[in-house]
Amino acid sequence: MDRQDIQTRRAENQVWNGSGAYDAKPELLVFDGGGDADLYGNTVLGLAGRYYRFDLFRPLLNDFHRSVQEGLYTDVFFFVLENAVFRRGAQERPILPDLRAAYARTLLRDTPPAEGMTDGALRRAWAQQVLGQPCDKALVPVLADIAAPLKPTEAELIRRTEEILYTHFRRARRSATDRQWAAWVGRKRDASGGVRFVRPNGLRALSRGTGGAGGLQKSTLLSFLQGRTPEPILRRYVEDCFGVSLLTPSQLTDMERALCTGVHKNCRLHVTDGTPPQRPPGPEAAWDAEQFRRQREKNRAYYQSQLSQNRLTIARLTQKLHNTLLLKQEDDGGLCRAGALCPALAWRAAALDDERVFTRRQPGNPGELTVDILLDGSASQNQQQEKLAAQAYIIVESLTRCHIPVRVTAFCSVSGCTVLRILRDYDHPEQNNRVMDYVSAGWNRDGLALRAMGRLMRQTAGEKRLLLVLSDASPNDDQRIPGGLGGHAYTGKRGVDDTAAETAALRLHGVTPVCLFSGSDREAPDARRIYGAAMERLPSVGWLADTVTRLIQGQIRKG
């Protein structure tokens, strides 16, 4: 278990301690600028979950996501919520005032000085008020309204937040219709901050921060795109973020006409190898592209920090896979009395009077087995990007050493466009290092990604095609399923059922899907529904060789 896993579990325990709902996976977690679980922030979230129905706040928060001032607006809401929770919680938890003061000191220390009606200035003023220090006089009325007593209801918290934003920040009040629309298509934009405030398995976002700034750091959704974005804008944005398309316009049209049907009607596809366009990225994509670059550096640094263990795992996995292939060759009757001589077995002819020292195929012939690795590149993986990149690289390097053709593809979805980025193609071992370019952002339309992978894999010559999926098996996309009034959300049972249907279709076409599950206990039943017995939890690096060998061995022998 690496540091990220430890801190995530610690944060979850802190939320559970406040909420008491130990059977519910926390939707929100708070981490400080160093990546450590923040005790006070997570306790507040836990108590808020006990006192209030969080789903009633989502329309307001989604509305904030559509604004360039999302950072400021969300901070105001958090402080209003924190005040209400503190007033109720301090009566039953005497330690809360001390935790609040410690949180304020950290916030004040990590937030750079700022002026005006900005989120940074508000955070510092709030922290100074909690600590009894002088603060910006211009923000005193704002803090007074935040701290004023209010009725402990969800509607009152929403009303108080909107009143503060209208009075002090000139934000127009929203109608009920606007809030309903925000709940349906609201997307998230970002400002800066230092505390990472994330949904560990739901938030479709990359963490955006300015490094060391304190406060409530909102994770940023991949892009400004909302609802049904005009296709030229969407295409340019996706190219700027992920790379130009590998398909010609006519090929792309044919692919979308064949695949974007049924529950995936109105969706779009983008297949790329990451080659950047011959133009500067647009202003909407420049920030995302820079964050991708930084994450790739983190992936490589993480791998190097555990280099000895990673090399040992590669050696073990390579040996195990090699043995598996030799055993499979014998079981298949690959050894025969005529064919290509196998020098390693020639001694059997004289010593054992065994004439089966010939093979029908050369070991490692690409025509026998091809492996595709599909990485869930959605933001639900944003707490374990470095670990997933390292483990994918270990698998790829081991398969390469066994002369098994392997391709690595990461997928995510942005404003209804499912992006397939090929990080490493067949017969290109020099591209192994590009697996470290894996990043997570956006949504995940698993069913369409599997459908597209099936089409790509059927274009290969492999007689046995294995698809190894690293995923949390939690389909969730912003493009709704057509049908009824407003359609249906592509998530939950509908998303799982669609993904399960696509894995069944892959098997019918000779592709064996196998899942290395990276999710939590909450998503495990969905993973079993989708992949059946061909699923195991993604282990730590030390156990990776055994797990991957067991999965591949079991599927190959079925062939």
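To keep things clear, this report deals only with the structure shown in the data block. (Residues numbered from 1 in each chain as written. Predicted model: local features only at pLDDT ≥ 70, side-chain atom pairs only at ≥ 80, totals over all residues. Heavy atoms only, no water.)

Here we look at the overall build of the chain
Okay, so step 1: A count of helical and extended segments in the chain gives 19 helices and 16 strands.
Okay, so step 2: Long-range contacts, defined here as pairs at least 24 residues apart, represent 70% of the contacts in the chain between residues at least 6 apart.
Okay, so step 3: Of the roughly 23,800 Å² of accessible surface on the chain, a fraction of 52% belongs to carbon and sulfur atoms. (Helix = DSSP H or I, 4+ residues; strand = E, 2+ residues; numbered from the N terminus. Contact = heavy atoms within 4.5 Å. Areas by Shrake-Rupley, 256 points an atom, 1.4 Å probe, with all protein chains shown as cover.)

A short note on the pattern of salt bridges
Okay, so step 1: By the definition in use, this model includes 19 salt bridges.
Okay, so step 2: We note a salt bridge from Arg293 to Glu297, for which the minimum N-O separation is 2.5 Å. Of the two residues, Arg293 and Glu297 both sit in helix α12 (residues 283-305), four residues apart, roughly one turn of that helix.
Okay, so step 3: Judged by its relative accessible area of 37%, Arg293 is partly exposed.
Okay, so step 4: We classify Glu297 as partly exposed; its relative accessible area is 47%.
Okay, so step 5: A salt bridge links Arg529 to Asp497, with the nearest nitrogen and oxygen atoms 3.2 Å apart. Of this pair, Arg529 sits in helix α18 (residues 524-531) while Asp497 is found in helix α17 (residues 492-508), placing the two residues 32 residues apart along the sequence.
Okay, so step 6: Overall, Asp497 belongs to the partly exposed group, its relative accessible area being 23%.
Okay, so step 7: In the salt-bridge network here, residues are joined through shared partners; they are Arg236, Glu239, Asp240 and Arg279. (Salt bridge = Lys/Arg side-chain N within 4 Å of Asp/Glu carboxyl O. Buried < 20%, exposed > 50% of the residue type's maximum accessible area, 1.4 Å probe, protein only.)

Looking at α17
Okay, so step 1: Under the 1.5 Å per step criterion, the end-to-end length of α17 is 25 Å for 17 residues, consistent within 8% with the ideal 24 Å.
Okay, so step 2: Buried within α17 we find Gly495, Val496, Asp498, Thr499, Ala500, Glu502, Thr503 and Leu506.
Okay, so step 3: Those residues of α17 that are buried are in contact with α16 (446-457), β12 (464-471), β14 (488-491), β15 (511-517) and α18.
Okay, so step 4: Residue Gly510 follows α17 closely and has a positive phi angle near 85°. (Expected span 1.5 Å × (residues − 1).)

With respect to the environment of Met255
Okay, so step 1: Relative to the elements of secondary structure, Met255 occurs in helix α11 (residues 249-259).
Okay, so step 2: What makes Met255 buried here is its relative accessible area of 2%.
Okay, so step 3: Put simply, Met255 and Arg455 are 200 residues apart on the chain and 8.7 Å apart in space, counted from C-alpha to C-alpha.
Okay, so step 4: Those residues in contact with Met255, other than ones at most four positions away along the chain, are Leu247, Cys260, Leu269, Val271, Ala452, Arg455 and Leu456.

Description of the sheet that holds strand β11 (residues 417-424)
Okay, so step 1: Read across the open sheet, the seven strands follow the order β5-β11-β10-β9-β12-β15-β16; overall the sheet is mixed. Only two strands of the sheet have a single partner each, and these edge strands are β5 (268-272) and β16 (535-537). With direction set aside, neighbouring strand axes in the sheet form an average angle of 20°.
Okay, so step 2: As judged from the seven bridges shared by strand β9 (residues 369-376) and β12, these two strands associate in the parallel manner. Its bridge partner lying in β12, Asp372 is registered against Leu467.
Okay, so step 3: Packing of helix α15 (residues 385-401) onto the sheet brings it into contact with β9, β10 (406-414), β11, β12 and β15, and relative to β9 it is tilted by some 175°. (Pairing = 2+ DSSP bridges. Axes fitted to C-alpha atoms, helices over the stretch in contact; angles between N-to-C directions.)

Considering helix α6 (residues 119-130)
Okay, so step 1: Its twelve residues give α6 an end-to-end C-alpha distance of 17 Å, which sits within 8% of 16 Å, the value for a rise of 1.5 Å per residue.
Okay, so step 2: Within α6, ten of the twelve residues are buried, which leaves it mostly tucked inside the rest of the structure.
Okay, so step 3: All buried positions along α6 are accounted for by Asp119, Gly120, Ala121, Leu122, Arg123, Arg124, Ala125, Trp126, Ala127 and Gln128.
Okay, so step 4: Following α6 by one or two positions, Gly132 adopts a phi angle in the positive range, close to 75°.

Focus on the state of the cysteines
Okay, so step 1: In the structure shown here, the tally under the stated rule is zero disulfides.
Okay, so step 2: Free of any disulfide, Cys412 has its nearest neighbouring cysteine sulfur in Cys417, separated by 8.7 Å.
Okay, so step 3: Among the residues examined, Cys412 registers a relative accessible area of 4% and is labelled buried. (Disulfide = S-S within 2.5 Å.)

Describing the packing of aromatic side chains
Okay, so step 1: Under the defined criterion, the tally for this structure stands at nine aromatic pairs.
Okay, so step 2: Considering the side-chain rings of Tyr40 and Tyr103, the 5.5 Å spacing of their centres and the 40° angle between planes classify their relative orientation as tilted. Of this pair, Tyr40 sits in helix α2 (residues 39-51) while Tyr103 sits in helix α5 (residues 96-110), placing them 63 residues apart in sequence.
Okay, so step 3: Residue Tyr40 is classed as buried on the basis of its relative accessible area of 4%.
Okay, so step 4: The class of Tyr103 is buried, set by a relative accessible area of 5%.
Okay, so step 5: Each member of the aromatic cluster is reached from another via a ring pair, and the members are Tyr40, Phe78, Phe79, Tyr103 and Trp126.
Okay, so step 6: Between Arg88 and the ring centre of Tyr51, over which it is positioned, the NZ or CZ distance is 4.2 Å.
Okay, so step 7: Between Arg445 and the ring centre of Tyr490, over which it is positioned, the NZ or CZ distance is 4.2 Å. (Phe/Tyr/Trp six-rings, centres within 6.5 Å; stacked < 30°, edge-to-face > 60°. Lys NZ or Arg CZ within 6 Å of the ring centre and 35° of its normal.)

What to know about the pairing of β10
Okay, so step 1: Burial within β10 is extensive, with nine of its nine residues counted as buried.
Okay, so step 2: With burial as the criterion, each face of β10 is covered, one bearing Val406, Val408, Ala410, Cys412 and Val414 and the other bearing Arg407, Thr409, Phe411 and Ser413.
Okay, so step 3: With six bridges connecting them, β9 and β10 associate as parallel partners. Paired with Val371 across the two strands is Val406, which belongs to β10.
Okay, so step 4: What joins β9 to β10 is α15, and the crossover it makes is right-handed.
Okay, so step 5: Of the pairings in the sheet, the one linking β10 to β11 comprises seven bridges and is antiparallel in character. Within β11, the residue paired with Ala410 across the bridge is Arg421.
Okay, so step 6: In textbook terms, the turn of a hairpin is the stretch between consecutive antiparallel strands, and for β10 and β11 this stretch comprises two residues, one of which, Ser415, has a positive phi near 50°. (Right-handed = clockwise from strand over helix to strand, strands pointing away.)

Details of the nonpolar core
Okay, so step 1: Within the largest apolar cluster, 46 residues are counted, with the highest numbers of intra-cluster contacts made by Phe57 and Leu81.
Okay, so step 2: Counting residues per element, the ones that place at least two in this core are α2, α3 (58-65), α4 (70-92), α5, α6, α7 (140-147) and α8 (154-169).
Okay, so step 3: With eleven residues, the top contributor of residues to this core is α4.
Okay, so step 4: Not counting residues up to four positions away in its chain, the partners in contact with Leu81 are Ala48, Tyr52, Phe54, Phe57 and Leu157.
Okay, so step 5: With 39 residues, the next largest nonpolar core counts Val371, Val396, Val408 and Leu551 among its residues. (Core = buried A, V, L, I, M, F, W, Y, C linked by side-chain atoms within 4.5 Å.)

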